[in-house]
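Okay, here's what each chain looks like letter by letter:
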Amino acid sequence: MRVDFGEQGAAGKKGPTSKVTVKGRKENAEEAQRRIQSLATRMADEVTLTIPLAASLDRGSLIGKQGAFLKRLEDRYDVRINFPRGNKGDDSAGATPQEISIRGPSKGAKAAQGELVALIEYEKEHGNVSTFSVPVKALPRILGRGGSQVNQIKDETGVASLDVDQENQESTSATITLRGTKSAIKKAREAVEKIADEVQNELRLELDIPREFHTTLIGSGGSSIRDLIARCGGPTDARASGN
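Keep in mind the model is a prediction, meaning the values are calculated, not measured. (Residues numbered from 1 in each chain as written. Predicted model: local features only at pLDDT ≥ 70, side-chain atom pairs only at ≥ 80, totals over all residues. Heavy atoms only, no water.)

1. Overview of the overall build of the protein chain
Defined as follows: A run of H or I in DSSP counts as a helix once it spans at least four residues, and a run of E counts as a strand once it spans at least two, with each numbered from the N terminus. For every residue, the accessible area (1.4 Å probe, protein chains only) is compared with the maximum for its type, and the residue is labelled buried under 20%, exposed over 50%, or partly exposed between those bounds. Residue contacts are defined here by distance: any two heavy atoms, one from each residue, within 4.5 Å place the two residues in contact.
Helix and strand content of the protein chain: nine helices and eight strands. Here the protein chain holds 243 residues, and 28% of them are scored as buried. Considering only residue pairs separated by 6 or more positions, the protein chain has 59% of its internal contacts joining residues 24 or more positions apart.

Written out as structure tokens, the structure reads:
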């Protein structure tokens, strides 16, 4: 099997194509011809599309865990997608530091571009991040038993995530990171700070009560002490105090 490519513009003729000669056994030559024509058609249809990428946008949410989402798009649409790396463009893709490049068949490239644009718009709306500090002593109340309070805050405010970071055991404050829409973050922060303020404003007092009065003070099944707590503005369920 032999394949010869003629020089473009040979015999004084100039144009966008050149002659390709395939020589060999008939079945082999016909198969080579089919593959060459298929490749030529594919290359002629290839395009490179770009999408502006804001530096503030979390690229990890677009790429997916270990590049899973990116790989899915590439496999589904038979394209190659390149993201700028850090503050430097990807020279191999010809992309600027603020662009995603997509190369492949025009139909597939446009479809992949559409999915990425839709995801970017979603992340712009839902990918807002806010961080603030709270006293470490407020964490048990903020987290709740088994994370129940955090889950309640997320359910009630619609915030996408609420993460707690305490640098070390000696730290007196912890960092709360919220992610979601601006309105959801605002509601979640207000809920967290309300709990933190309640803990900060709490006062612990110790009283000496003769043992003979303990039973009366507590009441049957703790009813009297619960009533006292409620009348003083505390929770009706003593377990809700986190103490």
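2. Digging into the sheet that holds strand E6 (residues 128–135)
Our working definition: Paired strands, as defined in this entry, are two strands with at least two bridges between them according to DSSP. All axes here are fitted lines through C-alpha atoms, helices being fitted over the stretch that makes contact, and every angle between N-to-C directions spans 0 to 180 degrees.
With antiparallel pairing, the three strands of this open sheet are ordered in space as E6-E8-E7. On the outer flanks of this sheet lie E6 and strand E7 (161–165), each paired with one strand and no other. On average, each strand axis in the sheet is inclined to that of its neighbour by 20°, with strand direction left out of account. Pairing between E6 and strand E8 (residues 173–180): eight bridges, direction antiparallel. Of the residues in E8, the one forming a bridge with Ser130 is Leu178.

3. Side note on the nonpolar core
Short version of the rule: As used in this record, nonpolar core signifies buried Ala, Val, Leu, Ile, Met, Phe, Trp, Tyr and Cys residues forming a set joined through side-chain atoms within 4.5 Å.
Within the largest apolar cluster, 20 residues are counted, with the highest numbers of intra-cluster contacts made by Val134, Leu162, Ile176, Leu178 and Val192. Among the secondary structure elements, those contributing two or more residues to this core are E6, helix H5 (139–143), helix H6 (148–157), E8 and helix H7 (182–200). At seven residues, the largest contribution of residues to this core is made by H7. In contact with Val134, other than residues within four places in its own chain, are Leu139, Ile142, Thr172, Ser173, Ala174, Ile176, Val192 and Ala196. By size, the runner-up hydrophobic cluster in this structure holds 19 residues, among which are Leu49, Tyr77, Ile100 and Ala109.

4. Describing the pattern of salt bridges
A pair can form between side chains of opposite charge whenever their charged atoms are brought close. The condition that has to hold: Definition used for salt bridges: Asp or Glu carboxyl oxygen within 4 Å of a side-chain nitrogen of Lys or Arg.
Inspection of every chain in the model, using the stated rule, returns 12 salt bridges. In this structure, the salt-bridge partner of Lys71 is Asp75, at a minimum N-O distance of 2.9 Å. With Lys71 and Asp75 both in helix H3 (residues 68–77) and four residues apart, this pair spans about one turn of that helix. Members of the salt-bridge network, linked through shared partners, are Arg72, Arg76 and Glu115.

5. Structural notes on the environment of Ile36
Residue position: Ile36 is located in helix H1 (residues 26–45). Measuring from C-alpha to C-alpha, the distance between Ile36 and Val20 comes to 9.2 Å, with 16 residues separating the pair along the chain.

6. A look at the packing of H6 against H7
Note the following rule: We call a crossing left-handed when the near helix sits turned anticlockwise from the far one by less than a right angle, and right-handed when that turn is clockwise. Under the grouping applied here, Gly and all other residues not named as nonpolar or charged are polar, the nonpolar ones being Ala, Val, Leu, Ile, Met, Phe, Trp, Tyr, Cys and Pro and the charged ones Asp, Glu, Lys and Arg.
With their axes 9 Å apart at the nearest point, H6 and H7 run at an angle of 145° to one another. Crossing geometry of H6 relative to H7 is assigned as right-handed. Note on element contacts: H7 touches H6 through Ala184, Lys187, Ala188, Ala191, Val192 and Ile195, opposite Gln149, Ile153 and Thr157. Residue classes in the contact of H6 with H7 are distributed as six nonpolar, two polar and one charged.

7. Re H3
Applicable threshold: Our arc is simply the arc of the directions from the helix axis toward the C-beta atoms.
Looking only at H3, the buried set comprises Phe69, Leu70, Leu73, Glu74 and Tyr77. Projection of H3 onto a plane perpendicular to its axis shows the buried side chains occupying an angular sector of 135°, all on one side. Exposed residues on H3 whose side chains face more than 90 degrees from its buried face are Lys71, Asp75 and Arg76. Immediately beyond the C-terminal end of H3, within one or two residues, lies Asp78, with a positive phi of roughly 55°.

8. Regarding the environment of Leu178
Along the chain, the position of Leu178 falls in strand E8. In sequence terms Leu178 and Ala188 are 10 residues apart; their C-alpha atoms lie 7.7 Å from each other. The contact partners of Leu178, leaving out residues within four places of it in the chain, are Asn128, Val129, Ser130, Phe132, Val159, Ser161, Leu162, Ile185, Ala188 and Arg189.

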